[in-house]
Amino acid sequence: QVQLVESGGGLVQTGGSLRLSCAASGRSFSSNAMGWFRQAPGKEREFVATISWNGGNTYYSDSVKGRFTISRDNAKNAEYLQMNGLKPEDTAVYYCAADGDYNYGYLPQSVSQYEYWGQGTQVTVSS
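In this text the structure is predicted, and so the values were computed from the model without any measurement. (Residues numbered from 1 in each chain as written. Predicted model: local features only at pLDDT ≥ 70, side-chain atom pairs only at ≥ 80, totals over all residues. Heavy atoms only, no water.)

**Thoughts on the pairing of strand β11 (residues 121-126)**
Heads up, the condition is: Under the scheme applied here, a residue whose accessible area is under 20% of the maximum for its type counts as buried, over 50% as exposed, and between as partly exposed, the area being computed with a 1.4 Å probe on protein chains only. A run of H or I in DSSP counts as a helix once it spans at least four residues, and a run of E counts as a strand once it spans at least two, with each numbered from the N terminus. Pairs of strands are assigned from DSSP output, requiring at least two bridges between the strands.
Burial along β11 is one-sided: Thr121, Val123 and Val125 are buried, and none of Gln122, Thr124 and Ser126, which face the opposite way, are. For strand β2 (residues 10-13) and β11, the ladder comprises 4 bridges, and the chain directions are parallel. Across the sheet, residue Leu11 finds its bridge partner in β11, namely Thr124. Inspection of the sheet shows strand β9 (residues 92-98) paired to β11 by 3 bridges, in the antiparallel sense. Within β11, the position partnered with Tyr94 by the bridge is Thr121.

**Considering the environment of Ser52**
What counts is decided by this rule: Contact criterion: two residues are considered in contact whenever any of their non-hydrogen atoms come within 4.5 Å of each other.
Assignment of secondary structure puts Ser52 in the loop between β5 (46-51) and β6 (58-60). Remark: the alpha-carbon pair of Ser52 and Ser7, spanning 45 residues in sequence, is separated by 21 Å. Not counting residues up to four positions away in its chain, the partners in contact with Ser52 are Asn32, Ala33, Asn57, Arg72, Gly105, Tyr106 and Leu107.

**Considerations on the nonpolar core**
Convention followed: What is meant by a nonpolar core is a set of buried Ala, Val, Leu, Ile, Met, Phe, Trp, Tyr and Cys residues, joined one to another through side-chain atoms within 4.5 Å.
Formed by 27 residues in total, the largest nonpolar core has its most connected members in Leu4, Trp36, Val48, Phe68, Leu81, Met83 and Tyr94. If you list the elements that add at least two residues to this core, you get β3 (18-25), β4 (34-39), β5, β7 (68-73), β8 (78-83), β9 and β11. Setting aside its immediate chain neighbours within four residues, Phe68 contacts Arg38, Val48, Tyr60, Leu81, Gln82, Met83, Asn84, Leu86, Asp90 and Tyr94.

**Focus: the pattern of salt bridges**
The condition that has to hold: Salt bridge criterion: a side-chain nitrogen from Lys or Arg within 4 Å of a carboxyl oxygen from Asp or Glu.
One pass over the full model with this rule turns up 3 salt bridges. Glu46 is the salt-bridge partner of Arg38, the closest N and O atoms lying 2.7 Å from each other. Residue Asp90 pairs with Arg67 through a salt bridge whose shortest N-O separation is 2.8 Å. Here Asp90 is found in the loop between β8 and β9, whereas its partner Arg67 is found in the loop between β6 and β7, with 23 residues between them in sequence. Residue classification places Arg67 among the buried residues on the basis of a relative accessible area of 14%. Three or more residues are tied together by salt bridges with common partners; here these are Arg38, Glu46, Arg67 and Asp90.

**Some thoughts on the packing of aromatic side chains**
Cut-off, in case you're wondering: In summary, the pairing rule links any two rings of Phe, Tyr or Trp, Trp by its six-membered ring, whose centres are within 6.5 Å, and it sorts them by plane angle into stacked for under 30 degrees, edge-to-face for over 60 and tilted for everything else. By definition, being over a ring means that NZ of Lys or CZ of Arg is both within 6 Å of the ring centre and within 35 degrees of the ring normal.
For the structure on display, the rule yields 7 aromatic pairs. For the ring pair Phe37 and Tyr114, a centre distance of 5.3 Å and an interplane angle of 80 degrees mean the geometry is edge-to-face. Taken together, the residues span a long stretch of sequence, with Phe37 in strand β4 and Tyr114 in the loop between β9 and β10 (116-117) at a distance of 77 residues. The class of Phe37 is buried, set by a relative accessible area of 1%. Centre to centre, the rings of Trp53 and Tyr104 are 4.8 Å apart; their planes meet at 85 degrees, and the pair counts as edge-to-face. On the criterion of sequence distance, the pair formed by Trp53 in the loop between β5 and β6 and Tyr104 in the loop between β9 and β10 is long-range, its members being 51 residues apart. Three or more aromatic residues joined by ring pairs form one cluster here, namely Phe37, Phe47, Tyr59, Tyr114 and Trp117. The ring of Tyr95 carries the charged tip of Arg45 above its face, separated from the ring centre by 3.7 Å. If you follow Arg45 out to its NZ or CZ, it ends over the ring of Trp117, 5.0 Å from the centre.

Laid out in structure tokens, this is it:
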């Protein structure tokens, strides 16, 4: 019943920008941390960014810090990832994720710490 659906992926040139959206349904995540992960072919799913329950705290992987911005809108039960200065190494399937527990101020960075996942959206950055 709980669903997370990503959108906004696509093909972009190096240095370009994309904005990913994640729409959640089936339950509210207004008291839960949310995040973004990505997975390239032949590689494990890796952490990208996370945001606390009310958007007051964020944390980014070193590879995207300064280029990506995570945000959320609890009234819409949604989160977003603004990606600027895209590089070919950013090419991957991007997944929206949400924690299943109430953890105020929590910033989980491990795949195992999230309960709900979207099906992913492809981001391809051409050289």
